[in-house]
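Inside the fold
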Amino acid sequence: MPDSDRIRHASRTARGAADLELGEAAMDLLRSRLVDIAQNTVHAIITEVPGYTNALAGPMGAKIEGAVQLALGGFLRLASSGDPGTPLTPALEGAYILGRGEARSGRSMDALLAAYRVGARVSWRELSGTAVEVGLSAETLAKFAELVFAYIDELSAASVAGHTDELATSGQVRQRYLQALSRSLLQGDRADQLVDRAERAGWEPPQTLTAVVLPNAHVRGVLASLDPRTLRTEDELPELEKEDVTVLLVPDAHGSARPALLRTLRGRQAWVGPDKPWTAARTSYVRVLRTRGLGLVVETSAPVDTEHHLATLVVTSDPAALEDLRQRVLAPFAKLRPATAERLIETLREWLLQLGRRDEVAGALHVHPQTVRYRMGQIRELFGDRLDDPRTVLDLTIALTAEPLR
């Protein structure tokens, strides 16, 4: 590649190096002071940037000083060569690795950038002082300054990239751990396994977890209002295959916090399980699955609270047994015409629910109280004394008040 093309395609730092002529005397003096400049730069960073206080006392101090010396050494090689093709890769790789290490150490991007600002100022003060000693012209000194700051900008960008990549990687790892914890909770794994997974994911266990199933499209809008520890499933679950829904495990939504959760879910077509100790979250999840299996008519304006359907869940735990019970206790209606049987069964159901209060039964059925009296007379003819038997009344109550499966 011709020199003109090499310069045009080089980085800003490399282009600046191509225009700079420092001379051997200046370069020798700069090289001789490289270690001192690096130490002064590191000391200033540790003194002026709160995130680096006391860092010099530990192993991080040596790493930072090594990174600064590598960066300054790379700069001097570039400045002395005057060649835009001089590779910056070693210094940029060192800056990238430094950024990743700072992220692992828990230092923020702001602290890292502050360190670069301080480092740029101190390095320039030291380098320019040396350059002035050897009598560089004002024009050369200006080009030297431009080269210094362009070089530090590139190093800063490499460190920021390393910092960002490290956070992204660690975030992905933690997300995988959280997903594994979610699966374990929904599978009902042993408590010791759950505790181990929670520690590995850095997840602080709550007192309780409440399972919520809702459409995927509504998840993002809901999460912003929930406890940050809320877990969500991203894998397809066997019980919800091919359904466009997500399972959330919401921490500490018990007691007075439950109404707030239900308000948050209004208009979301959500199903809300009971709050359970966090290691028993599967119980809440299974309750939601069973309630969804009842075939209830769902109002889009309000979430389905499984706590409102406990009786139905209990009596429908064995659907075949419930159907056998219905056939047995309703056998007296079998010889009637279907329309007549339906009216009398409906009346008997309300009679049981309203504890025999005729006016309340009439109001519920939208008929005259005399109609209720007439129908109950027919029912007594069919059942005889059995309507006075507590066991028969219990069987009829269960058979008629359980919401039938659809």
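Rules and cut-offs
Note on numbering: residues in each chain are counted from 1, in written sequence order. In keeping with the predicted nature of the model, local features appear solely for residues at pLDDT of at least 70, side-chain atom pairs appear and are counted solely at 80 or more, and the whole-chain, interface and lining totals rest on all residues. To get the side-chain values, all heavy atoms of the structure are used, and hydrogens and water are removed first. Secondary structure elements are taken from DSSP: a helix is a run of H or I of four residues or more, a strand is a run of E of two residues or more, and numbering for both begins at the N terminus. With a 1.4 Å probe rolled over the protein chains alone, any residue whose accessible area is under 20% of its type maximum counts as buried; one over 50% counts as exposed, and the rest are partly exposed. Contacts are assigned to residue pairs that have any heavy atoms within 4.5 Å of one another. Each accessible area is a Shrake-Rupley estimate made with a 1.4 Å probe; only the visible protein chains count as cover when residues are assessed. The predictor rates its confidence in each residue with pLDDT, a number between 0 and 100. Lines fitted to C-alpha atoms define the axes here, with helix axes fitted over just the stretch in contact, and angles between the N-to-C directions of these axes take values from 0 to 180 degrees. For classification, angles of less than 35 degrees are called roughly parallel, those exceeding 145 degrees roughly antiparallel, those between 65 and 115 degrees roughly perpendicular, and all remaining angles oblique. Side-chain classes follow a simple rule in which Ala, Val, Leu, Ile, Met, Phe, Trp, Tyr, Cys and Pro form the nonpolar group, Asp, Glu, Lys and Arg form the charged group, and the remainder, Gly included, forms the polar group. We call a crossing left-handed when the near helix sits turned anticlockwise from the far one by less than a right angle, and right-handed when that turn is clockwise. If DSSP finds at least two bridges between two strands, the strands pair. Only one rule defines a salt bridge in this text: a Lys or Arg side-chain nitrogen within 4 Å of an Asp or Glu carboxyl oxygen. By nonpolar core is meant a set of buried Ala, Val, Leu, Ile, Met, Phe, Trp, Tyr and Cys residues that side-chain atoms within 4.5 Å join together.

A look at the overall build of the chain
From N to C terminus, the chain includes 18 helices and five strands. For the chain, the residues scored as buried account for 41% of the 406 residues in total. Intrachain contacts of the chain at a sequence separation of at least 6 include 72% that bridge at least 24 residues. Just so you have it, the chain exposes about 21500 Å², and 52% of that area is on carbon and sulfur atoms.

Quick notes on the confidence of the model for the chain
Here the chain averages 82 in pLDDT, and 87% of its residues register 70 or above. The low-confidence segment residues 1-10 (pLDDT under 50) makes 11 contacts with residues lying over four places distant or belonging to another chain.

Details of the side chain of Thr-210
Along the chain, Thr-210 turns up in strand 1 (residues 208-215). Among the residues examined, Thr-210 registers a relative accessible area of 0% and is labelled buried. Not counting the four nearest positions on each side in its chain, Thr-210 is found in contact with Leu-248, Leu-249, Val-250, Ala-253, Arg-258, Leu-261, Val-272, Gly-273, Pro-274, Asp-275 and Ser-284.

Some points on the packing of helix 15 (residues 338-353) against helix 17 (residues 369-383)
Two measures define how a pair of helices packs: the angle their axes make with one another and the distance between the axes. One can describe the packing of helix 15 onto helix 17 by two numbers: an axis separation of 10 Å at closest approach and a directional angle of 100°. The angle between helix 15 and helix 17 places the two elements in the roughly perpendicular class. Where helix 15 approaches helix 17, its residues Arg-343, Leu-344, Thr-347, Leu-348 and Trp-351 are matched on the opposing element by Val-372, Arg-375, Met-376, Gln-378, Ile-379, Leu-382 and Phe-383. The residue inventory of the contact of helix 15 with helix 17, partitioned by class, reads eight nonpolar, two polar and two charged.

Some thoughts on the packing of helix 8 (residues 138-187) against helix 9 (residues 191-201)
Closest axis-to-axis distance for the helix 8/helix 9 pair is 8 Å, and the angle between their directions is 160°. As the angle between them shows, helix 8 and helix 9 are arranged roughly antiparallel. The two elements helix 8 and helix 9 cross, and the hand of that crossing is left-handed. Here Arg-174, Tyr-177, Leu-178, Ala-180, Leu-181, Ser-184 and Leu-185 of helix 8 lie close against helix 9, whose contacting residues are Leu-194, Arg-197, Ala-198, Arg-200 and Ala-201. Taken together, the residues of the contact of helix 8 with helix 9 break down into eight nonpolar, one polar and three charged.

Observations regarding the environment of Gln-378
With respect to the helices and strands, Gln-378 occurs in helix 17. Along the backbone, Gln-378 and Leu-344 are 34 residues apart, and their C-alpha atoms lie at a distance of 8.1 Å.

Here's the deal with the sheet that holds strand 5 (residues 304-305)
Sheet strands line up and pair through hydrogen bonds in the backbone, either parallel or antiparallel. In spatial order, the strands read 2-3-1-4-5; together these five strands make up an open sheet with mixed pairing. Here the strands that pair on one side only, and so sit at the sheet edges, are strand 2 (231-232) and strand 5. Strand direction decides the pairing type here: strand 1 and strand 3 (residues 245-251), joined by seven bridges, are antiparallel. Within strand 3, the residue paired with Leu-214 across the bridge is Thr-246. Helix 11 (residues 257-264) rests against strand 1, strand 3, strand 4 (271-277) and strand 5 of the sheet, and its axis sits at about 155° to strand 4.

Description of the pairing of strand 4
Alignment of strand 1 against strand 4, held across five bridges, turns out to be antiparallel. Following the sheet pairing, Leu-209 is matched in strand 4 by Lys-276. Note that strand 4 and strand 5 share two bridges and pair parallel. Bridge pairing in strand 5 links Trp-271 to Val-304.

Structural notes on unusual backbone geometry
In the Ramachandran plot, Asp-252 falls in the positive-phi region, its phi being about 50° despite a non-glycine side chain. Of note, Leu-355 is a non-glycine position whose phi angle comes to about 55°, a positive value. Secondary-structure assignment places Leu-355 in the loop between helix 15 and helix 16 (358-365). Judged by its relative accessible area of 68%, Leu-355 falls in the exposed class.

Considering the pattern of salt bridges
Per the counting criterion, the structure on display carries 15 salt bridges. Of the charged contacts in the structure, one is a salt bridge between Arg-258 and Asp-305, with a shortest N-O distance of 2.7 Å. A residue pair is termed long-range when its members are at least 10 positions apart, and Arg-258 in helix 11 and Asp-305 in strand 5 qualify at 47 residues. Taken as a pair, Arg-258 and Asp-305 share a single burial class, namely buried. Salt bridges sharing partners connect three or more residues here, namely Asp-227, Arg-229 and Asp-252.

Some details on the nonpolar core
If you look at the biggest cluster of nonpolar residues, it comprises 41 residues, and the most contacted ones within it are Tyr-52, Phe-75 and Phe-144. Going through the elements one at a time, helix 3 (24-32), helix 4 (34-48), helix 5 (59-81), helix 6 (89-104), helix 7 (109-133) and helix 8 are the ones with two or more residues in this core. In terms of residues, this core owes the most to one element, helix 7, which gives 11 residues. Those residues in contact with Tyr-52 that lie beyond four places of it in its chain are Ile-45, Ile-46, Ile-64, Glu-102, Arg-107, Ala-111, Leu-112 and Ala-115.

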